[in-house]
Amino acid sequence: MHKLTAHDAETQSLDLVADNIAKLTALFPEILTEGADGGKRVDFEALRELLGTAVEDKEERYNFTWHGKAQARRLAQTPSTGTLRPCPAESKHWDSTQNLFIEGDNLEVLKLLQKSYHQRVKMIYIDPPYNTGKDFIYPDNYRDNIANYLELTGQTGEDGRKLAANPETSGRYHTHWLNMMYPRLKLARNLLRDDGVIFISIDDTEVANLRKLCDEIFGEENFLSNVIWHKKYAASNDVKGIAPMHDHILVYQKSGSFERNLLPRTEKQDSLYKYDSNDGKGLWRPDNLSVKTVSESYLYPIINPKTGKTYMPPAGRCWLTSSENMQNWINESRVFFGQSGDGAPQLKRYLSEVQQGIVPQSYWSYDEVGHTDSSRKELKALFNDPPFDNPKSTGVIIRSIQIGCVKDDLILDFFSGSGTTAHAVMALNAEDGGNRKFIMVQLPEPTDKPDYPTIADIGKERIRRAGDAIIAKPASQPASQPASQPASQPASHYTSLDIGFKVFKLDSTNIKPWDVGFDDLETSLPLFTDSLKDDRSNDDVLYEILLKYGLDLSLPITTHTLASKTVYSIGMGALIVCLDKAITLDTVEGIAKLKDELQPEDSLMRVVFRDSGFADDVVKVNAVQILKQAGIEDVRSV
Ligand SMILES: C[S@@+](CC[C@H](N)C(=O)[O-])C[C@H]1O[C@@H](n2cnc3c(N)ncnc32)[C@H](O)[C@@H]1O
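Residues numbered from 1 in each chain as written. Predicted model: local features only at pLDDT ≥ 70, side-chain atom pairs only at ≥ 80, totals over all residues. Heavy atoms only, no water.

Draft legend 1. Quick look at the overall build of the protein chain. Each helix and strand in the protein chain was counted, giving 18 helices and 28 strands. Summarising its shape, the C-alpha atoms of the protein chain cover approximately 110 × 65 × 55 Å along the three principal directions. Looking at the protein chain as a whole, 48% of its 638 residues are labelled buried. Here the analysis covers contacts within the protein chain between residues at least 6 apart in sequence; of these, 72% occur between residues at least 24 apart. (Helix = DSSP H or I, 4+ residues; strand = E, 2+ residues; numbered from the N terminus. Buried < 20%, exposed > 50% of the residue type's maximum accessible area, 1.4 Å probe, protein only. Contact = heavy atoms within 4.5 Å.)

Next up, the structure:
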């Protein structure tokens, strides 16, 4: 039975370096060599030879670099030794929800999600610190980021070190920001599906750097747009230079297989179609019958059949179609000669014939997606005294989702702030009956608000209240607008709407590190009869195992009692975990029977026990045999 330890690569998040070596050597087996320690190494010279003249090794080449880039790249590749501890008490609808709220430093969290959510996320929206000098840039620690994180957020030590702002006076102003963003975006890209897309809000301070960074990480060819969100309707009077009125939203697809959606037509657009000829074809509007590109054969007179009057296209233009087709249109009454019947010809454009949606554009005006004031009002509708200063507009995120997702996709935001993305996902689901799911990640950044000690607390409360407000709204009122009146009837139309979320918190692993020194071997050995930390619960360990095996954190977990021991079955028997102590063979036999009952999908069942959980060594050895006979080969202990 293989035992998992804190230093075991299996217990760490996906080892990206090992993964890269595997990918390279799958392509070029000849570059694989052995290090002095017997480990796998890449023969760089051999790889260079294979690539011939395509290797660029000159100092002066086209590239984008800054101080610390190499270390930032390494930072993205070091596996995390942390874990995510479940927190049902702070969650909403723990048993049924598929949404997640993860409290922690997003660098570590993204590392921990690498296995379970590899290529699973359809869309990422992020609104990172803009680096305006007032926001905090959380310092990463290459050696031990978990300890660094726990200390900075006041979870260890006295009351934590203060997070440091990144002032413009710092010589490394842009560098700090780039070092923060680079590893996070690299890790985030791995989570995107091949047909996925990322939207990143930013302002003028870092837009140029962010564009370069994303060109490198996502590929210049995957750049889709630099959307302008016109976010203010009035400039502040105290602006010295040119008043900034917009934000940027950079949009990159993961690959060419992304397909954007059309946006739903608005009532305003539909209201242009106001004529009805009672011909059974519905509403129409007059449209231009001439086009700019002149084709000789499309230059002919149109004759009004009632008046006999002839019309030529305006100078420099020609008619939309051939004279033959035009005559058909006239016969079908598709050509309109004005209300009086004596005007210039126009085309009847029927609403039923126009595209079922609108091509998204790169300019988003505040009257369509909201502005900074309406964003604050959205928060004010939920909190009397809004505890967060600069939330984004749900309208901006709803539009991004409409472009990037279909109705049951997974959306990730790892700079969650007050949780606007979660609010937008729930609101849009309520409006169009979708079942999109979200994963939000937020640092428990301390605030000065006694009711909400951290920004993560603000985010969780906003999502709780936003979900309730959406449910409380009458169906006729768009879910993305604040409730103007209480629901006149119970909102039964939202019964299947998921307004819950499971809370997880980043912490050090549940597994004790095997770092005992030889001098204190005698005193410390008894501590290691159980390799799990004493202050951790079975649920903590259970979710760490899920992460190691790359299973979805929202998978349903069922509990069985077998010979009076608790046995968890995850994903219909894909993984069985028993963390009880004094296990006897009755429990093991019960697990073997479970396999027949549950019939896991790929017929592979994996079983994990607590290493110190067996009644004695004989049981441990026999357990492996019994399970093997039942066709269960993958048996491990923690
Ligand atoms: C601009 S705000 C996002 C606001 C959000 N879009 C909204 O509408 O409320 C950026 C957020 O990222 C958080 N943040 C900064 N560094 C982080 C990190 N390393 N891990 C997780 N969150 C972080 C900050 O605490 C802040 O709340």
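After that view, the rundown keeps rolling.
Draft legend 2. Looking closely at the packing of helix α17 (residues 585-598) against helix α18 (residues 617-629). α18 packs onto α17 with a crossing angle of 15 degrees between their chain directions and a minimal axis gap of 10 Å. With respect to each other, α17 and α18 are oriented roughly parallel. In the crossing of α17 with α18, the sense of the turn from one axis to the other is right-handed. Along its contact with α17, which presents L585, V588, E589, I591 and A592, the element α18 presents V619, N622, A623, I626 and L627. (Axes fitted to C-alpha atoms, helices over the stretch in contact; angles between N-to-C directions. Parallel < 35°, antiparallel > 145°, perpendicular 65-115°, else oblique. Left-handed = near helix turned anticlockwise from the far one by under 90°.)

Draft legend 3. Layout of the nonpolar core. Formed by 74 residues in total, the largest nonpolar core has its most connected members in L84, L185 and L553. Not counting the four nearest positions on each side in its chain, L84 is found in contact with I102, V109, L112, L113, F504, K505, L506, Y543, L547 and L553. Of all hydrophobic cores here, the second largest spans 47 residues; its members include C87, Y125, A430 and A466. (Core = buried A, V, L, I, M, F, W, Y, C linked by side-chain atoms within 4.5 Å.)

Draft legend 4. Molecular detail of helix α7 (residues 207-218). Along its twelve residues, α7 runs 15 Å from first to last C-alpha, staying within 8% of the 16 Å computed at 1.5 Å per residue. Three or more residues of α7 are buried, namely V207, N209, L210, L213, C214, D215, I217 and F218. The inward-facing, buried residues of α7 abut α6 (173-191), β7 (192-202), β8 (223-230) and β9 (246-253). Following α7 by one or two positions, G219 adopts a phi angle in the positive range, close to 95 degrees. (Expected span 1.5 Å × (residues − 1).)

Draft legend 5. Quick peek at the pairing of strand β21 (residues 446-449). In the sheet, β21 pairs with strand β22 (residues 452-454) via two bridges, with the strands oriented antiparallel. In the sheet register, K449 faces β22, and the bridge partner there is Y452. The hairpin turn running from β21 into β22, its antiparallel successor, is two residues long. (Pairing = 2+ DSSP bridges.)

Draft legend 6. Up close: the site of the ligand. Taken together, the neighbourhood of the ligand is formed by 20 residues, with D127, S418, T420, Q442 and E445 sitting nearest. Contacts to the ligand include D105, whose side-chain N or O atom sits 3.1 Å from a nitrogen atom. Between a nitrogen atom of the ligand and a main-chain N or O atom of N106, the distance comes to 2.9 Å. For the ligand, whose accessible area on its own is 610 Å², the fraction buried by protein is 93%. Among the residues forming the shell around the ligand, the class breakdown is seven nonpolar, eight polar and five charged. (Near = heavy atom within 4 Å. Polar contact = N/O pair within 3.5 Å; in protein donor to acceptor, adjacent residues only side chain to side chain. Areas by Shrake-Rupley, 256 points an atom, 1.4 Å probe, with all protein chains shown as cover. Nonpolar A, V, L, I, M, F, W, Y, C, P; charged D, E, K, R; others polar.)

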